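Okay, here's what each chain looks like letter by letter:
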Amino acid sequence: QVQLVESGGGLVQAGDSLRLSCTTSGRTLSSGIVGWFRQAPGKEREFVAAITWIAGNTYYADSVKDRFTIFRDNAKNTVYLQMNNLKPEDTAVYYCAADRVISTMNWLPTKYHYWGQGTQVTVSS
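Let us look at the structure shown here. Please read all numbers here as calculations on a predicted model, not as lab measurements. (Residues numbered from 1 in each chain as written. Predicted model: local features only at pLDDT ≥ 70, side-chain atom pairs only at ≥ 80, totals over all residues. Heavy atoms only, no water.)

## Quick look at the sheet that holds strand β1 (residues 2-7)
Strand pairing in a sheet takes place through backbone hydrogen bonds and is either antiparallel or parallel in direction. Here is the rule: Between any two strands, pairing holds if DSSP finds at least two bridges. In this text, helices come from DSSP runs of H or I with a minimum length of four residues, and strands from runs of E with a minimum of two, each type numbered from the N-terminal end. Whenever a helix is involved, its axis is fitted only over the stretch in contact; in every case the axis is a line through C-alpha atoms, and angles between N-to-C directions fall within 0 to 180 degrees.
Strand order across the open sheet formed by four strands is β1-β3-β8-β7, with antiparallel pairing between neighbours. With one partner strand each, in any of the chains shown, β1 and β7 (68-73) form the two edges of the open sheet. Pairwise comparison of adjacent strand axes, ignoring direction, gives a mean angle of 20° for this sheet. As paired elements, β1 and strand β3 (residues 18-26) share six bridges and run antiparallel to each other. The residue bridging Glu-6 from the neighbouring strand is Cys-22, located in β3.

What follows is the structure, encoded as structure tokens:
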């Protein structure tokens, strides 16, 4: 079993930056993929970004490309999501997710077995 714990959310103004952290524990990932998803009230959970654990290949949703960066620190078993130039539409609960299998459809929430509890990000205009 893999446990994921997110941190770093908060209330910021438009244009500000935040860095989210996702720390894994338990049966730590030695391969696979870690992703970030978000869910705003009344909306479906949507893909934000993902990174493969070994190769470090990254994937982004078009809505966050050029503003968000996902990166990892394997030694700390932690994946980060650096969010710059935040917009009000980025407001959501952000979830970290992981799976030992790298899917070609890694933007789908169903492709991830392990999930964190989520961290709230609120961007005011």
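Read on, since the account is not over.
## A look at the state of the cysteines
Filter applied, for reference: Note on terminology: pairs of cysteine sulfur atoms within 2.5 Å are recorded as disulfides. Per-residue accessibility, obtained with a 1.4 Å probe over protein chains only, is compared with the maximum for each type, and a residue is labelled buried under 20%, exposed over 50%, and partly exposed between these values.
Using the criterion set out here, one finds one disulfide in the structure. Put simply, Cys-22 and Cys-96 are joined by a disulfide, and their sulfur atoms are 1.9 Å apart. The sign of the -70° torsion about the S-S bond sets the Cys-22-Cys-96 disulfide as left-handed. On the criterion of sequence distance, the pair formed by Cys-22 in strand β3 and Cys-96 in strand β9 (residues 92-99) is long-range, its members being 74 residues apart. Given a relative accessible area of 0%, Cys-96 falls into the buried group.

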